[in-house]
Amino acid sequence: MTKKIPHRLYLTEDQMPTQWYNLRADMNEKPDPMLNPATGKPVVPEDLYPVFCEKLAHQELDDTTRYIDIPKEILEMYKNYRPSPLCRAYNLEKALETPAKIYYKFEGNNTSGSHKLNSAIAQAYYAKEQGLTGLTTETGAGQWGTALAESCCYFGIPLTVYMVKASYEQKPFRRSIMETFGATVIASPSNTTEAGRKILAMNPNTSGSLGCAISEAVEKAVTTEGYKYVLGSVLNQVLLHQSIIGLESEKAMEMLGEYPDVVIGCAGGGSNLGGLIAPFMRDKITGKANPRLIAVEPASCPSLTRGKYMYDYCDTGRITPMAKMYTLGCTFAPSPIHAGGLRYHGMAPILSKLYHEGYMEAVSVEQTKVFEAATFFAKYESILPAPESAHAIRTAIDEALKCKETGEEKTILFGLTGTGFFDMTAYSSFHEGTMVDQIPTDEELQKGFDNLPKIPGIQE
Ligand SMILES: Cc1ncc(COP(=O)(O)O)c(C=O)c1O
């Protein structure tokens, strides 16, 4: 008799991975090196020390160590909410009348409401270990800021969060949670930094962007004694920490005798997707298996599907290192769509490289279609998804519907990165029919491309 697959599979604490997996070690071609904006030369760890913790600077540049031990202090806090469940979407499958088997890894079961805690804990821990007196960061949707506020509170480190103005206004309670954990929250752009003042002078009514909030947070860190900056996405180190999502998913699926044909994740800066697909991408690179790996981005901020693979700054203020990535240009300010966490101009260099080499696919989806999927999913699976996560749901549903047409029994795995309790303004606008799809024109995108940096001998 075949064993019935449960609705939710929780690994035990003992089964939780004790190492992160560094996908770069298995990449045939490594991501192009980050460049120091002052010299145009590849960065070395010391170049990153003024901004990042030393251990994290080393993780950032480590292309070779395949597995990295997770310090026991981090594992202890992980146990407050991990292992996270691998869910079988029986009700969704039934509602779609699809022969596909749909699984999702649910990362929203913690107070921050998202996967962001996986890296926030690690980064706060390394800051504490180094004896720092404070941290700064940016937050888009608010999940990262909340996750870091929780983590800094746990390890006893003061935190200043620059929150993208659009989210700050749409989600006042997000700010309250961060303040509950003791963080200082500032709407970005602000007049507390040179970068913010410059952006406000050019565009006083801007709703902000992640790139702009990063500039402010970095400036604040480098101008405050004992402070460093931490970033919740894009960087190699963040994808490394998020590999725990993929490793747990792989283990749980193995226990069920399953392996995904398709793995789907939403992509803002690429951290949840990079973490979820890591072991499956390893299998694809090494020839062990050949799953399809799909990034889903908003049509309003289409860095992979319409961006250019070029060196660009990670922030609007052009003070961070330059990374080779799919980008819309660091000056690109997407329309204030409701999935604030997906409003980033670039994409993680690791994912950009893999996409460029054909290992990964990408699709862009319109916001109204995303909320249709979010509402459908909520009705059948009893979880209110974050708008960011609902991008992955949209594509998972589309893939399942294709299976319905072809009769294929594919196994689909997607990342349900978080919950949407602070996104009710967006849900309301969808229900009221006032939500619109804002898709940039080629001319609008060209303005961002025109501002890509010129680097003598590398990018003229
Ligand atoms: C719930 C949720 N999902 C996804 C993302 C996108 O980030 P990333 O691409 O780094 O996973 C965010 C970012 O804020 C988020 O809050």
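Residues numbered from 1 in each chain as written. Predicted model: local features only at pLDDT ≥ 70, side-chain atom pairs only at ≥ 80, totals over all residues. Heavy atoms only, no water.

Draft legend 1. Representation of the overall build of the chain. If you tally the helices and strands in the chain, you get 18 helices and 15 strands. For the chain, the C-alpha radius of gyration of 20 Å lies close to 23 Å, the compact-globule estimate for 460 residues. With respect to the principal axes defined by its C-alpha atoms, the chain has extents near 65 × 50 × 50 Å. Going through the 460 residues of the chain one by one, you find that 64% of them count as buried. Residue pairs at least 24 apart in sequence account for 76% of intrachain contacts in the chain once pairs closer than 6 positions are excluded. About 17200 Å² of surface is accessible on the chain, with carbon and sulfur atoms providing 51% of the total. (Helix = DSSP H or I, 4+ residues; strand = E, 2+ residues; numbered from the N terminus. Rg over C-alpha atoms; globule rule 2.2 N^0.38 Å. Buried < 20%, exposed > 50% of the residue type's maximum accessible area, 1.4 Å probe, protein only. Contact = heavy atoms within 4.5 Å. Areas by Shrake-Rupley, 256 points an atom, 1.4 Å probe, with all protein chains shown as cover.)

Draft legend 2. Summary view of the domain arrangement of the chain. For the chain, the domain assignment lists domain 1 (8–45 + 62–112 + 235–450) and domain 2 (133–225). Computed from C-alpha coordinates alone, the two centres of domain 1 and domain 2 are separated by 23 Å. If you look at the interface, domain 1 gives 27 residues, while domain 2 gives 29 residues. Approximately 2100 Å² of surface area, both sides summed, lies buried where domain 1 meets domain 2, with 61% of it carried by carbon and sulfur atoms. When residues of domain 1 are sorted by the area they lose upon contact with domain 2, M77, S112 and F422 head the list and together hold 31% of the total. The tally of links between domain 1 and domain 2 comes to one salt bridge. Two residues, K171 and D423, come together in a salt bridge whose shortest N-O distance is 2.8 Å. Across the contact surface, domain 1 and domain 2 share five residue pairs in polar contact (both at pLDDT 80 or more). Broken down by element, the side of domain 1 that touches domain 2 gets its largest block of residues, three residues, from helix α3 (residues 72–78). Looking at the side of domain 1 that touches domain 2 residue by residue, the classes come out as seven nonpolar, 13 polar and seven charged. (Domains from an automatic or database assignment. Buried area = accessible area lost by both parts, 1.4 Å probe. Salt bridge = Lys/Arg side-chain N within 4 Å of Asp/Glu carboxyl O. Polar contact = N/O pair within 3.5 Å; in protein donor to acceptor, adjacent residues only side chain to side chain. Nonpolar A, V, L, I, M, F, W, Y, C, P; charged D, E, K, R; others polar.)

Draft legend 3. Molecular detail of the sheet that holds strand β9 (residues 227–229). Strand order in the open sheet formed by four strands is β8-β7-β6-β9, with parallel pairing between adjacent strands. Only two strands of the sheet have a single neighbouring strand rather than two, namely β8 (184–188) and β9. Sheet twist, expressed as the mean angle between neighbouring strand axes with direction ignored, is 20 degrees. Pairing analysis gives five bridges linking strand β7 (residues 159–164) to β8, with the strands arranged parallel. Looking at β8, one finds that T160 is bridged to T184. On top of the sheet, helix α6 (residues 143–155) reaches β6 (134–139) and β7; it is set at about 160 degrees to β6, its chief contact. (Pairing = 2+ DSSP bridges. Axes fitted to C-alpha atoms, helices over the stretch in contact; angles between N-to-C directions.)

Draft legend 4. View of the site of the ligand. The local shell around the ligand holds 17 residues, among which S233, G268, S271, N272 and T417 are the closest. One of the side-chain N or O atoms of N272 is found 2.8 Å from an oxygen atom in the ligand. In isolation the ligand offers 390 Å² of accessible surface; the protein chains occlude 98% of this area. Assessed atom by atom at 2 Å from the grid points, the ligand resides in the largest cavity. Of the residues assigned to the shell around the ligand, the class counts are four nonpolar, eleven polar and two charged. (Near = heavy atom within 4 Å. 1 Å grid on protein atoms, 1.4 Å probe; cavity = no way out; pocket = protein on both sides within 12 Å on 5 of 7 lines; lining within 4 Å. Sits in = over half its atoms within 2 Å of the grid points.)

Draft legend 5. The arrangement of helix α10 (residues 210–222) in detail. Spanning 13 residues, α10 covers 18 Å between terminal C-alpha atoms, matching the ideal 18 Å at 1.5 Å per step. Judged by how many residues are buried, α10 sits mostly within the fold: eleven of 13 residues are covered. Of the positions making up α10, those classed as buried are L210, G211, C212, A213, I214, S215, E216, A217, V218, E219 and A221. At its buried positions, α10 is contacted by β6, β7, β8, α9 (194–202) and β9. (Expected span 1.5 Å × (residues − 1).)

Draft legend 6. Quick look at the state of the cysteines. Under the counting rule described, the total for this entry stands at zero disulfides. Among the cysteines around C153, which has no disulfide bond, C152 carries the closest sulfur, lying 8.8 Å off. Relative accessible area serves as the criterion here: at 43%, C153 is assigned to the partly exposed category. In this model C403 remains outside any disulfide bridge; the closest cysteine sulfur is found in C87, 20 Å from its own. For C403, a relative accessible area of 2% puts it in the buried group. (Disulfide = S-S within 2.5 Å.)

Draft legend 7. Main features of the environment of N236. For N236, the location among the structural elements is in helix α11 (residues 236–255). N236 sits in the buried class, given a relative accessible area of 10%. Separated by 114 residues in sequence, N236 and I350 place their C-alpha atoms 6.9 Å apart. Beyond its immediate stretch of four places on either side in the chain, N236 contacts R24, E60 and I350. Within polar-contact distance, the side chain of N236 engages the backbone oxygen of E60 at 2.9 Å.

Draft legend 8. Summary view of the packing of aromatic side chains. Counting across every chain of the model gives 15 aromatic pairs. Geometrically, the ring pair formed by Y326 and Y355 is edge-to-face, given 5.0 Å between the ring centres and 70 degrees between the ring planes. Note that Y326 is positioned in strand β13 (residues 322–327) and Y355 in helix α14 (residues 349–356), a separation of 29 residues in sequence. Linked through ring pairs, Y125, Y126, Y154 and F155 together constitute an aromatic cluster. One Lys or Arg, K4, reaches over the ring of Y90 and ends 3.9 Å from the middle of that ring. (Phe/Tyr/Trp six-rings, centres within 6.5 Å; stacked < 30°, edge-to-face > 60°. Lys NZ or Arg CZ within 6 Å of the ring centre and 35° of its normal.)

Draft legend 9. Just the UniProt feature "domain: Tryptophan synthase beta chain-like PALP" (unreviewed entry) in the chain, in detail. On the UniProt side, "domain: Tryptophan synthase beta chain-like PALP" (unreviewed entry) is annotated at positions that read residues 80–418 here. As a span, residues 80–418 carries 45% helix and 19% strand, and end to end its C-alpha atoms are 16 Å apart. (UniProt positions renumbered as here; feature names shortened; annotations may be inferred.)

Draft legend 10. Up close: unusual backbone geometry. A cis geometry characterises the amide bond from R82 onward to P83, with omega recorded as -10 degrees. With respect to the helices, strands and loops of the structure, P83 is situated in the loop between α3 and β4 (86–88). Here the amide bond leading from S188 into P189 is cis, since omega sits at 5 degrees, within 30 degrees of zero. Topologically, P189 is positioned in the loop between β8 and α9. Backbone geometry places V234, a non-glycine residue, at a positive phi of 65 degrees. The backbone of S382 shows a phi angle near 60 degrees, a positive value even though the residue is not glycine.

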